[in-house]
Amino acid sequence: MQKRIGVIFVSRRNSLRSILAEACLAHLDPKRFSASSCGQPGQIAREFHPAAVAALKSAGIPIPNRLPRSWDELARANAPEADFVITLDAGTELRQPRWPGQPDAALWEYPDAAGGADPDKVMHDAVQTLFSLRRRLELLVNLPMQGADRSALRSDVRDLGYLR
């Protein structure tokens with residue numbers, strides 16, 4: 001049995017964008033991929049944003065069964081190594097720790113819908129973010145991961161960040 005490909009999604013609060021990405025990847029290909037998500041220490045939400053929960057439920061995607069967490073939990077020396085770290089919030093990119101195993105990094109920037117004041121707009125933005133993430137993640141799971149040239153694969157994952 002081959003090793004699952006570890007992917008960590010990073011956003012500021014780990015309440016909406018990264019939760020949508022983690023849940024969506026875990027839904028699309030749980031056998032080949034291990035999906036995790038986290039946020040910036042000191043910014044972590046206490047619970048998942050209601051718009052993230054509603055968007056996932058409307059898409060029939062299971063909600064992760066853990067609370068939002070800091071990247072400190074995933075960057076410990078004894079934490080499982082990831083193959084990719086995908087940052088969804090450019091504001092956290094330069095603050096991130098050194099990840100165990102030196103995974104490849106990509107920026108797939110999304111606006112911070114969770115910070116909005118209008119609940120209807122936040123919900124609309126969460127659904128749009130989920131649709132966009134799903135499109136990117138469907139392409140990701142179809143990339144030839146095993147035996148592929150690492151630099152070409154890194155470029156492909158980074159290029160997915162430019163899809164609209």
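Here is a short report on the structure shown in this document. What you are looking at is a predicted structure, and each value in this text was computed from that prediction instead of being measured. (Residues numbered from 1 in each chain as written. Predicted model: local features only at pLDDT ≥ 70, side-chain atom pairs only at ≥ 80, totals over all residues. Heavy atoms only, no water.)

## Observations concerning the side chain of Gln96
Phase 1 of the analysis: Position of Gln96 among the secondary structure elements: in the loop between helix H4 (90–93) and strand S4 (104–107).
Phase 2 of the analysis: Side chain to side chain, Gln96 and Thr87 meet in a polar contact 2.7 Å long.
Phase 3 of the analysis: Residues contacting Gln96, with those up to four places away along its chain left out, are Val10, Trp71, Val85 and Thr87. (Helix = DSSP H or I, 4+ residues; strand = E, 2+ residues; numbered from the N terminus. Polar contact = N/O pair within 3.5 Å; in protein donor to acceptor, adjacent residues only side chain to side chain. Contact = heavy atoms within 4.5 Å.)

## Some points on the pairing of strand S3 (residues 84–87)
Phase 1 of the analysis: By the alternation rule, side chains of S3 split into Phe84 and Ile86 and Val85 and Thr87, which are all buried.
Phase 2 of the analysis: Pairing analysis gives 4 bridges linking strand S1 (residues 5–10) to S3, with the strands arranged parallel. Opposite Val7, over in S3, you have Phe84 as the bridge partner.
Phase 3 of the analysis: Strand direction decides the pairing type here: S3 and S4, joined by 4 bridges, are parallel. Paired with Thr87 across the bridge in S4 is Leu107. (Buried < 20%, exposed > 50% of the residue type's maximum accessible area, 1.4 Å probe, protein only. Pairing = 2+ DSSP bridges.)

## Focus on the nonpolar core
Phase 1 of the analysis: In terms of nonpolar packing, the biggest core is built from 38 residues, with Phe9, Leu25, Trp108, Leu140 and Val157 touching the most fellow members.
Phase 2 of the analysis: Among the elements that make up this core, the one with the highest residue count is helix H5 (residues 119–141) (7 residues).
Phase 3 of the analysis: Residues contacting Leu140, with those up to four places away along its chain left out, are Leu25, Phe33, Met145, Val157 and Leu160.
Phase 4 of the analysis: Within the second largest apolar cluster, 9 residues are counted, among which are Val10, Trp71, Ala75 and Trp99. (Core = buried A, V, L, I, M, F, W, Y, C linked by side-chain atoms within 4.5 Å.)

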